[in-house]
Amino acid sequence: MNFPAFGTRASSIRGLLLPACCTSQKQANSHNHKMGCGSSTPETSNSPSTNKEELSPPDSEGAKAKPATVTAQPTAQPTAQPPEAKTCVDGASEDDFYKDTPPAAKAKAKPPRNRNKRSSVSAECVDPVAISRLAPPRVIPKTDEAKSQVEAVLEKAMLLKNLEPSQKKSIVDAVEEMTFQKDAVIIEQGEKDAQYFYMLSKGACQAIVNGVQVVTYAPGGTFGELALMYNAPRAATVKACEDCVCFALDRSTFQNIVIASNKQRIQDTEKFLAEVPLLQSLTSGERAQLADAIQPSYFKPGDVIIKEGDVGNVFYLLEKGEVRASHNDTSIKTYVHGDYFGELALLGDGGLRKATCIALGDVKVGAVEKDAFKRLLGPMEEILLRNAEHYEAVVAQLDKSQKS
Ligand SMILES: Nc1ncnc2c1ncn2[C@@H]1O[C@@H]2COP(=O)(O)O[C@H]2[C@H]1O
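Residues numbered from 1 in each chain as written. Predicted model: local features only at pLDDT ≥ 70, side-chain atom pairs only at ≥ 80, totals over all residues. Heavy atoms only, no water.

## A closer look at the overall build of the protein chain
No. 1: The helix and strand tally for the protein chain stands at 13 helices and 19 strands.
No. 2: Counting across all 404 residues of the protein chain, residues that qualify as buried make up 52%.
No. 3: As presented, the protein chain carries roughly 18,600 Å² of accessible surface, and 51% of it is formed by carbon and sulfur atoms. (Helix = DSSP H or I, 4+ residues; strand = E, 2+ residues; numbered from the N terminus. Buried < 20%, exposed > 50% of the residue type's maximum accessible area, 1.4 Å probe, protein only. Areas by Shrake-Rupley, 256 points an atom, 1.4 Å probe, with all protein chains shown as cover.)

## Regarding the UniProt feature "binding site: 3',5'-cyclic AMP 1" (unreviewed entry) in the protein chain
No. 1: UniProt tags Glu225 and Arg234 as "binding site: 3',5'-cyclic AMP 1" (unreviewed entry).
No. 2: Structurally, Glu225 can be placed in helix α8 (residues 225-230).
No. 3: Summarising the element assignment, Arg234 is placed in the loop between α8 and β10 (237-240).
No. 4: If near-sequence neighbours (up to four positions away) are discounted, Arg234 is found in contact with Ile187, Glu188, Gln189, Gly190, Glu191, Ala194, Gln195, Tyr196, Tyr198, Gly224 and Ala227. (UniProt positions renumbered as here; feature names shortened; annotations may be inferred. Contact = heavy atoms within 4.5 Å.)

## A closer look at the pairing of strand β6 (residues 196-202)
No. 1: Counting buried residues along β6, seven of its seven residues qualify, which places the element largely inside the surrounding structure.
No. 2: Strand direction decides the pairing type here: β6 and strand β11 (residues 244-250), joined by six bridges, are antiparallel. Note on β11: the bridge partner recorded for Met199 is Phe247. (Pairing = 2+ DSSP bridges.)

## Description of the sheet that holds strand β12 (residues 295-299)
No. 1: Taken in spatial order, the four strands of this open sheet run β12-β19-β14-β17, and their pairing is antiparallel. Where the open sheet ends on each side, the last strands, each with one partner, are β12 and β17 (340-341).
No. 2: Where strand β14 (residues 314-320) and strand β19 (residues 363-369) come together, six bridges link them in antiparallel fashion. Bridged to Val314 within β19 is Glu369.
No. 3: Each of β14 and β19 is contacted by helix α12 (residues 370-377), which is oriented at about 80° to β19, the strand it contacts most. (Axes fitted to C-alpha atoms, helices over the stretch in contact; angles between N-to-C directions.)

## Observations regarding the sheet that holds strand β13 (residues 304-306)
No. 1: Strands sit in the order β13-β18-β15-β16 across an open sheet of four strands; the sheet is antiparallel. Each edge of the sheet is formed by a strand with only one pairing partner; in this case those strands are β13 and β16 (330-335). Averaged over neighbouring strand pairs, the angle between their axes works out to 30° when direction is ignored.
No. 2: Where strand β15 (residues 323-327) and β16 come together, five bridges link them in antiparallel fashion. Bridging from a neighbouring strand, Ala325 pairs with Lys333 of β16.

## Regarding the nonpolar core
No. 1: Among the nonpolar cores identified, the biggest contains 27 residues, and Leu160, Ile171, Phe197, Met199, Leu249 and Phe254 are the most heavily contacted of them.
No. 2: For this core, the secondary structure elements donating two or more residues are α6 (144-156), α7 (165-174), β6, α8, β11 and α9 (251-274).
No. 3: The element that contributes the greatest number of residues to this core is α8, accounting for five residues.
No. 4: Among residues more than four places away in sequence, those in contact with Leu249 are Ile171, Ala174, Val175, Gln195, Tyr196, Phe197, Met199, Phe254 and Val258.
No. 5: Listed in part, the 24 residues of the second largest apolar core include Ile266, Phe272, Leu346 and Leu347. (Core = buried A, V, L, I, M, F, W, Y, C linked by side-chain atoms within 4.5 Å.)

If you want it as structure tokens, here you go:
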């Protein structure tokens, strides 16, 4: 099986790989789920090997199942708001998520290093520029209520929620509602020529790889991105556990909007990182890796980004706006574009936040999780510690003057 690579360079897909709401293999195990929506068997370990034989579509239960009837409805039916999406299980990593992915897809989908850590993902994916833009944007007429339903799902979907409003509007226009009955096979592992990316609006589905259930999706969950990103066969079977309603996004809109926007995000982030004084010593390759690991995060005036005393797991680079750090309600410092904060808890053993950081206006930060911070900014530790000493001296001075 070939995974054609269209990208000119390994481009980031980290943001594309984790669904907004999923239960991981870990949770599936702990819940003792069974194959086939509702039955239960202990799951066996299904570690992929690099054997080429295994690259062909597997002979799984999911793959054998007949596709169920799919009713595509051009206009969404008025229904109640979808229930809250479950978030990804704590501690579940991309390694967990793609544990049972066929090796070829997995090789494309994540790097072989740091197997026990949640790591950023680099792979060559479809180049949206190479995709025909001649086709007019797809518009499937919808009622206002149907549009609101799609918007509600978009807000929950990790992969889509950071898109620009105009891009979200194009998605709302382009999606079509599809209903699937319980046990219907929405996606079949090994299937070629994938046409849709799916957002689950109602019901529940599960992904099955080589006969092993790997993920359960709740409303807000998304699936079907891999085949569209890599022009590859479907890497898993996705089956409805109950009657489901999905919003299906066609291949070319997905590729033009979602992949293009992700690429753009990475380029913008790399440009920003090049302006950060702390990172001047990084090579462009190291900056690209960091850009890959950064997630944009937005805050409104007055939002508490970091709270003193909390356990800290995220490091922030300030891209837009200003942030005030305070200790015991006394202001210590104002951060501006290119500054960083949140490093102390990640450097120390205790891991507790030593100050509160509040957004002074509309703020955009690049958030780097602890693992990626250690991995990618480890070499900066000396500089960070040096700066931290100065910072701690200010805090100590403040404590002293507050006591006296
Ligand atoms: N462990 C997994 N390996 C591969 N795909 C998975 C896995 N878990 C969930 N999926 C989803 O199942 C989808 C099947 O179609 P795709 O390969 O296009 O994209 C896949 C992912 O969205």
